[in-house]
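# Examining the three-dimensional arrangement
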Amino acid sequence: MNSNVENLPPHVLRLVYKEVSALAADPPEGIKVYPSEEDITELHTSIEGPEGTPFAGGIFRMRLVLGKDFPAVPPKGYFLTKIFHPNVGHKGEICVNVLKRDWKAELGLRHVLLTIKCLLIHPNPESALNEEAGRLLLEDYAEYESRARLLTEIHAMGGPGGTSGAPQDPNDGPQPKKHAGDPTKRAGPSAAASARRPG
């Protein structure tokens, strides 16, 4: 099961729908929200890398997943765009206090998104998930900045491996497990045709 919609009580769903609609209509500066019609409990967003940081010029895709106990329990946040940052793990998981011990049900998703954007400006090496990034931030800022900028250029600037912000393919990023099937059927007609074409 990849959706929490059926696990959330109706009043929470209404609250989430209202908040997501407000975010989509009036997003925080530098943040875009892409609500899913099918699953309101998984919110795809993109954050512009703030000026004056090694992430400037990049567009970082991210998702927030609301568990069945939301809003009593904070959402989980994941970067889908690769980023070199002390508070982002190798699988994209985000470590920030607002998603842990500082969470309050009334904070809401806008606050979460703004806090994550602030984390790009002010990383917290004390709670590093990426220990190498945390160490470099403290001991060799020039090297940290160089590595962070390089990954931003490769993955977040719309180049061959980058993205331009919008979730271009719903299959990007961490996905729920699916049953294995005929790969030619899932890859689309052109891939199926080339798979059948003799080499």
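Residues numbered from 1 in each chain as written. Predicted model: local features only at pLDDT ≥ 70, side-chain atom pairs only at ≥ 80, totals over all residues. Heavy atoms only, no water.

Next up on the list: the overall build of the protein chain. Within the protein chain, the secondary structure is distributed over six helices and four strands. Counting helices and strands in the order they occur from the N terminus, the protein chain gives α-β-β-β-β-α-α-α-α-α. Relative to its 199 residues, the protein chain shows a buried fraction of 40%. Nonlocal contacts in the protein chain, meaning residues at least 24 apart in sequence, comprise 58% of its contacts between residues at least 6 apart. (Helix = DSSP H or I, 4+ residues; strand = E, 2+ residues; numbered from the N terminus. Buried < 20%, exposed > 50% of the residue type's maximum accessible area, 1.4 Å probe, protein only. Contact = heavy atoms within 4.5 Å.)

Comment: phi is negative for the bulk of residues other than glycine, and the bulk of peptide bonds are trans. Residue Phe70 is joined to Pro71 through a cis peptide bond whose omega torsion reads 5 degrees. You can see Pro71 is positioned in the loop between strand 3 (59–65) and strand 4 (76–79).

Before going further, it helps to spend a moment on the nonpolar core. In this structure, Met62, Leu64, Phe79, Leu109 and Ile116 are the most contacted members of the largest nonpolar core, which totals 38 residues. Elements with a contribution of two residues or more to this core: helix 1 (10–25), strand 1 (31–34), strand 2 (42–48), strand 3, helix 2 (108–121), helix 3 (131–139) and helix 4 (141–155). At six residues, the largest contribution of residues to this core is made by helix 2. (Core = buried A, V, L, I, M, F, W, Y, C linked by side-chain atoms within 4.5 Å.)

It is worth spelling out the UniProt feature "active site" (unreviewed entry) in the protein chain at this point. In the UniProt entry, the feature "active site" (unreviewed entry) is given for Cys95. Residue placement: Cys95 occurs in the loop between strand 4 and helix 2. Look past the residues within four positions of Cys95 in its chain and what remains in contact with it is Asn87, Lys100, Leu119, Ser127 and Leu129. (UniProt positions renumbered as here; feature names shortened; annotations may be inferred.)

Here the focus is the pairing of strand 2. Burial analysis of strand 2 places six of its seven residues in the buried class, the great majority of the element. As paired strands, strand 2 and strand 3 are joined by seven bridges and run antiparallel to one another. Bridging across to strand 3, Thr45 finds its partner in Met62. (Pairing = 2+ DSSP bridges.)

What follows covers the sheet that holds strand 4. If you trace the four strands from one edge of the open sheet to the other, you get 1-2-3-4, paired in antiparallel fashion. Edge positions in the open sheet fall to strand 1 and strand 4, since each of these has one partner strand only. Averaged over all pairs of adjacent strands, the angle between their axes in this sheet comes to 25 degrees, without regard to strand direction. Of the strands in this sheet, strand 1, strand 2, strand 3 and strand 4 touch helix 2, which is tilted by about 35 degrees from strand 2. (Axes fitted to C-alpha atoms, helices over the stretch in contact; angles between N-to-C directions.)

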